[in-house]
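Each chain, written out:
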Amino acid sequence: MTTLRSQAGFKPTRGAHAAGKMFRFGALPIILLICIILFQFGNPRFLSLANTTNMVQQGVFLMLIAFGQMLVLIAGGFDLSVGSVVALTSVVSAKAMVAISLAFPEAPYLATAAGFATMLFVGFLAGLINGLGVAVLKVNAFIVTLATTSVYKGLTLVISDGLEVSDLPHDFVYGIGSGFMSGVPISVLFALPALAMIYVLVHRMKFGRYVYAIGSNIKSAVVAGVDTNRYLILCYVICATITAFSGWLLTARVSSGEPLLGGEFPLDSIAAAVIGGCSLRGGEGTVFGVFMGVVFVTVLGNGMDLLRIGSNYQMIVLGVVLVGAVLLDRYRAAGARH
Amino acid sequence: MSSCQEPEGREAFASLSHASKFYGGYAALKDVSLDLHRGEIHMLLGENGAGKSTLVSLLVGTNRLDEGQRFLRGKPCPDLTPLEARASGVNAVLQDFSLAPSLTVAENYALGRETTRGGILAKGAMRGQAQAAIARLGLDLDPDARVDTLTRAEQQLLEIVRALGGRPGALILDEPTATLSHEETERLFEAIVALKRADWAILYISHRMEEIRRLGDVVTILRDGRRTGCHRLSEIDNEQMIAEMVGRTMATFYPEIVRQSGATALEVVGLTAGDKLRNATIEVCFGEIVGVGGLVGCGKAELARAIFGLEPLSQGTIRLAGEEITIPTPKAMLERGLVYLPQDRRGEALALNRSIEENLTLEVLGQAEAGSHGLVRAKFLDQLVQSLIVRLKISPAEPRQAVQELSGGNQQKVVLGRALSRPRSVYVFDEPTAGIDVGARLDFYNQLQALCHDGAAILLVTSDLQELVHLSHRVYVMHEGTSVVELQREEISEDAVVAYAFGEQLKKIVA
C-alpha cells in the first residue's frame, strides 16, 4: 500500500532527477560544442592538428590538478594551495635534479628519477599538512589551505632566492617536457595513468564511497563507522601529490624550476571542477564531469587566445563563467530539494 | 461529503475548494476541499506523502494553486503570496524552521515586523513584546539568548510564539509536538485551546491519535493526495480514522513480541558523559526489547550516544557480551556487533545527496565479501541492496535515487536497512519512529519483532509513551541524567513512566 503510493509519488521526481542529470552532463557538452564552433568560425586554425595538440599539451596540467581538487571537493573541502604546491615542487625538484645530474653526469635517468621522487615527497608532505589541519585540527579548509598557500609560497622563495633554477637534465626537458611518442606528447602519456588511478579510486573503490559519504554528511559517515580523519587526510595528500606531479611535468615543459609557476591553478581547478558538476557543499562530482569541465576551461582559454582576446579579459570571462556555474549548482540543489 | 460542515453553514475564515496541485503529471493534491472556521480546531490527518504539506503550502501561499479555488476571509485569492497570507492573518509553524540562528529570541520574534522610531530599531520595545508573548504561553525562554543556543524543542516553541504574534486569524501547526516534552506539549495545548476561545481558526497536522482526539473538533483525512474523509470528531472512532488514512483496517497496532531468554548482551554501569548523563546503569539481554523513557533532556538520547562512542565518557563501564569496552568508538562498536540508529536521520544518519545504494552499503564496504584490495564488488552490493529494498519495502525501489528525495518513512527504512546490512547482535534505536507515518511505523515494529525473534538485543530509546509501554519487555526511566527505575513487564504503564520521568518530587505528590 505504502509502496504503491510512494512509487506513484516519485515518478515525477524521478523525471526531474533524470532531467537534472541530463542538464548536468547535457548542458556542458552543448555549450562546449557551441564554443568550439564559434572559435572555429573566428579562427580556422582552431581545430587544426597543431592547435589541438597544443590544447591537449596545455590542458593536461590543469586536468591533473582538477582531478585532485575534485577529490577534495567531493570530501566537502577545497584546496587553495595547489598553485603554491606547483611552484614549490618546481623549485625543489629542479634543485634536486640539478644536484644529482652534477654528481652523476653519466647517469641521466637518475636525475629525472630523483626529481620524480622529490616531487612525490613534496606533494605528500604538503598534502599531509593540509589534511592534518582540516581533519585533526578541524580548521576550515579555506583557512588551512589559504595559510599553507602562504607558507609554501614563502618556502619556495626562500629555497630559490626568487630565482629560476635552470640547467635541468636534457632528457627531462626534451623528453618529458616537449617530447612526442607516436604523435602524443610524452607528458600526456605520463599523466594518463595518474588520471586513470583517480577514476578507479573514485568510482570503483571503497575509498570513493567513503569520500562521497564524508562530503555529503560527515556525521553520518562517523555513525557508519568510517574513519573520517584518515580518508580526509588521504584526499588532501592525493590532491597535493597529483598537483606536485603536474608541477613536475610543467617544470619540464617550461624547462626550469620557476618560483612563480602555477598561480592560476587554484581558481582554474576549482572553476573546472565546479563547472564539471562538483558541489562546494561536498558529496557531489564525477570524473567525467570534471574532465568535461577542464576541457571547457582549456578550450575557452585557447580559443580566446586565437581570437586575440587579452589574458586580462580572459580572467574576467573565467570569473563570470565560474559564478554562472555556481548559480547553476545552486539551482540544481534547489531542484533536488523540491 | 458534508458530515463535517458547520450546521449553520457560516462563512469559513480560510478555505480551499476542489483544490489540486500537480508536479509534472503527478497530482500531489487532487480535488481537495477544506474549510477552516473560526473558533474551531481542524485536524489534518494523513500518512507521509498524503498531501498534507502541499495543502498547507496552498494555504500559506508558498505554492501556486493549479485547479480549484482558494478563499481568505471570504475573498477569492487565486494568486496568494506568503506575505499576503500573513498579512491577512494566516500564521503557520511549519516543520522547516524559519528562524535566523545568529539572532536572539527577541530579534527573531520581531523579524519582519520590527518596531522602529524614526527609522531606528526600538530594541527595548521589541524585547518587551517578545517577553510578553513568551510569558503569555507560560514559557521559559530567555529573550536575549541566541537562537542557535536553544534546543530544537525551544526553537519549536519560539516558532509558535512568533506565529501567535501575527495578525489574529488562523494558526497552522505542522506536527508541533514532535520535539516537545510532555510539559511543553501541555502548555502548547492550553495555548491552542485559548486561541480557539479567542475565535482563531486552527489547522493542526498530526498523526498522533491521542492529540487528534484531545484537541480536534473536525478532522480531514488525506490519502494519496485525495480527501478520504472529513468528520466531526464526535462522529468517528479511531478505527475508522486509521482505515481512511491507510486504506485498510488495522487489527492490532502494536505487534505482540515474544521475549526470548538470552544471556546479557549489553551492560552499562554508572555511565557519566558530558553534562547530561550522570551515573546511568542499564542491562540488555539477547532476545529482549529494553525501553528507555524520560522527558526531553533527561539524558536518554545521550545514553544511547555514549554507548556508541559519540559522547566522551568521564566515568562508568560498558560491557558488550562480557567484554569491557574502555574507549567506545562507532567503528569499534560496529565491529563488535552493536549498531546505533540516530534520532536525527537527516543530520546524522544519511548522506542525503547520495543514493539509496550508497547509503545502504556504507557499513559493509569493509567486509571481505564486499570486495578485496579496496575495490568494490558491484554484484555483491547490488544483490544486497535489492534484498534490503524488498525486505523493508523501500519505495521507490530505485537504488540510484538520492535519499533526500525520499519520504521521512522511507529515509528511516534506509537507515534501518543499513543497520540490517550486516549481522548484528545489539541494536540501539534512538527515537526510531519520530516523524514517520503509521504505515512505516508498523513496518518498523514488524522488523523489530523479527530481530527480537532472532535473538538480537534491542535498546529502544523513545519519547513515544505508547510505543515504549507496548513494545518493551523492560523499561528504564531516566530523570536528570540518571536511570531512576527499572520497570518489569507487569509494572510498565504510561502512568508509572510519567511519574518517574518527572522525578522523585512529583512522584511524591502523585502518591
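Quick caveat: nothing in here was measured; it's all calculated off a predicted structure. Each chain carries its own residue numbering, running from 1 in the written order of its sequence. Chains and ligands are labelled by the order in which they are written, letters from A for the one and numbers from 1 for the other. Local features in a predicted model are, by the rule used here, given only for residues with pLDDT of at least 70; side-chain atom pairs are given and counted only at 80 or more, and totals for whole chains, interfaces and linings are based on all residues. Think of the side-chain values as coming from all heavy atoms in the structure, minus any hydrogens and water.

Draft legend 1. Focus on the overall build of chain A. Check the secondary structure of chain A and you find 13 helices and two strands. Note on exposure labels: buried denotes an accessible area under 20% of the residue type's maximum, exposed denotes more than 50%, and partly exposed covers the range between, all computed with a 1.4 Å probe on protein chains only. Burial statistics for chain A: of 338 residues in total, 54% are counted as buried. Within chain A, residue pairs in contact and separated by at least 24 positions form 79% of the contacts whose partners lie at least 6 positions apart. Of the roughly 14,900 Å² of accessible surface on chain A, a fraction of 72% belongs to carbon and sulfur atoms. A helix here means a DSSP run of H or I that spans at least four residues, while a strand means a run of E at least two residues long, and both kinds are numbered starting from the N terminus. Whether two residues are in contact is decided by their heavy atoms, any of which lying within 4.5 Å being enough. Using a 1.4 Å probe, accessible areas were evaluated by the Shrake-Rupley method; residue-level cover was limited to the displayed protein chains.

Draft legend 2. Structural view of unusual backbone geometry. Residue and element names in this part refer to chain B. Residues S395 and P396 are joined by a peptide bond in cis, for which omega reads 0°. On the secondary structure map, P396 appears in the loop between α13 (378-392) and α14 (408-420). A positive phi angle is found at D31, which is not glycine, with a value near 55°. Take D31: its relative accessible area is 43%, and that puts it in the partly exposed class. Residues other than glycine seldom take positive phi values, yet D199 does so here, at roughly 75°. Looking at where D199 falls in the secondary structure, it is placed in the loop between α6 (182-197) and β10 (201-205).

Draft legend 3. Representation of the nonpolar core. In terms of nonpolar packing, the biggest core is built from 171 residues, with F207 of chain A together with L266, L303, I307, L338, Y427 and F429 of chain B touching the most fellow members. Element by element, the count of residues in this core is highest for helix α10 (residues 228-254) of chain A, at 16 residues. Beyond its immediate sequence surroundings of up to four residues, F207 of chain A is in contact with L71, L201, Y231, L234, C235 and I238 of chain A. Here, nonpolar core refers to any group of buried Ala, Val, Leu, Ile, Met, Phe, Trp, Tyr and Cys residues whose side-chain atoms link them within 4.5 Å.

Draft legend 4. Looking closely at the interface of chain B and chain A. The partner chain A presents 35 residues to the 51 residues of chain B that form the contact. Buried area between chain B and chain A, both sides added, is near 3,600 Å², and the carbon and sulfur share of it is 55%. Should a side-chain nitrogen of Lys or Arg be within 4 Å of a carboxyl oxygen of Asp or Glu, the pair is scored as a salt bridge. Measuring nitrogen to oxygen at the nearest pair gives 3.1 Å for the salt bridge that ties E357 of chain B to R209 of chain A. Each polar contact in these results corresponds to two N or O atoms within 3.5 Å; when the atoms are within protein, one needs to be able to donate a hydrogen and the other to accept it, and residues that are neighboring in sequence are counted only if both atoms are side-chain atoms. At the junction of chain B and chain A, the tally comes to 13 residue pairs in polar contact (both at pLDDT 80 or more). When residues of the side of chain B that touches chain A are assigned to their parent elements, the largest contribution, four residues, is made by helix α11 (residues 345-349) of chain B. When residue character is reported, Ala, Val, Leu, Ile, Met, Phe, Trp, Tyr, Cys and Pro are called nonpolar, Asp, Glu, Lys and Arg charged, and the others, Gly included, polar. Taken together, the residues of the side of chain B that touches chain A sort by class into 21 nonpolar, 14 polar and 16 charged. Accessible area that two parts lose when put together, with a 1.4 Å probe and added across both, is what the buried area reports.

Draft legend 5. Layout of the confidence of the model for chain B. Residue and element names in this part refer to chain B. Considering every residue of chain B, the mean pLDDT works out to 86; 94% of them sit at 70 or more. What pLDDT reports is the predictor's confidence in each residue, on a scale of 0 through 100. Across chain B, element-level confidence peaks in strand β20 (residues 457-461) with a mean pLDDT of 96 and bottoms out in helix α18 (residues 503-510) with 52. Across the interface, the model reports ipTM at 0.82; the global pTM reads 0.74.

Draft legend 6. Structural detail: α10 of chain A. Here, expected helix span is obtained from the residue count minus one, scaled by 1.5 Å. An ideal rise of 1.5 Å per residue puts 39 Å on 27 residues; α10 of chain A measures up with 39 Å between its terminal C-alpha atoms. After α10 of chain A finishes, the residue S255 of chain A shows a positive phi value of roughly 60°.

Draft legend 7. Region of interest: the environment of L146 of chain A. The topology assignment puts L146 of chain A in helix α5 (residues 141-160). Separated by 16 residues in sequence, L146 of chain A and N130 of chain A place their C-alpha atoms 9.8 Å apart.

Draft legend 8. Seen up close, the packing of helix α2 (residues 49-74) of chain A against helix α11 (residues 265-275) of chain A. All names here are of chain A. Closest axis-to-axis distance for the α2/α11 pair is 8 Å, and the angle between their directions is 70°. Judged by the inter-axis angle, α2 sits roughly perpendicular to α11. Where α2 crosses over α11, the handedness of that crossing is right-handed. The segment α2 lies against α11, with F61, L62, I65, A66, Q69 and L73 engaging F265, P266, D268, S269, I270, A272 and A273. A per-class count over the contact of α2 with α11 returns ten nonpolar, two polar and one charged. Interaxial angles span 0 to 180 degrees and are taken between N-to-C directions of axes, which are lines fitted to C-alpha atoms, for helices over the stretch in contact. Any angle from 65 to 115 degrees is called roughly perpendicular, while one under 35 is roughly parallel, one over 145 is roughly antiparallel, and all others are oblique. Throughout, a crossing is termed right-handed when the near helix is turned clockwise from the far one, and left-handed when it is turned anticlockwise from it by less than a right angle.

Draft legend 9. Inspection of the packing of helix α3 (residues 82-103) of chain A against helix α4 (residues 108-136) of chain A at higher detail. Residue and element names in this part refer to chain A. The N-to-C vectors of α3 and α4 enclose an angle of 150°; their axes lie 8 Å apart at closest approach. As far as their axial angle goes, α4 and α3 are roughly antiparallel. When the axes of α3 and α4 are compared, the crossing they make is right-handed. When α3 is examined against α4, the residues V85, L88, T89, V92, S93, A96, M97, I100 and S101 are found in contact with a partner set consisting of L110, A111, T112, A114, G115, T118, M119, V122 and A126. Split into classes, the residues belonging to the contact of α3 with α4 amount to twelve nonpolar, six polar and no charged.

Draft legend 10. Here's a closer look at the environment of F444 of chain B. Residues and elements named next belong to chain B. Here F444 shows up in helix α15 (residues 438-453). With relative accessibility at 4%, the residue F444 sits in the buried group. F444 sits 38 residues away from T482 along the chain, and the two C-alpha atoms are 28 Å apart. Those residues within four positions of F444 in sequence are excluded, and the remaining contacts are L416, F429, P432 and T433.

Draft legend 11. Local environment of the sheet that holds strand β16 (residues 313-320) of chain B. Residues and elements named next belong to chain B. Pairing between strands is defined by DSSP: at least two bridges between the two strands are required. Across the sheet, which stays open at both edges, the four strands sit in the order β14-β13-β16-β17 with antiparallel pairing between neighbours. The open sheet terminates on both sides in strands that have one partner only, identified here as β14 (277-285) and β17 (323-325). Adjacent strand axes in the sheet meet at a mean angle of 10°, parallel and antiparallel pairs treated alike. The sheet contact formed by β16 and β17 spans three bridges and is antiparallel. If you follow I318 over to β17, its bridge partner there is I325. Contacts between helix α9 (residues 300-307) and the sheet are confined to β13 (264-273), β14 and β16, with β13 contributing the most and set at about 115° to the helix.

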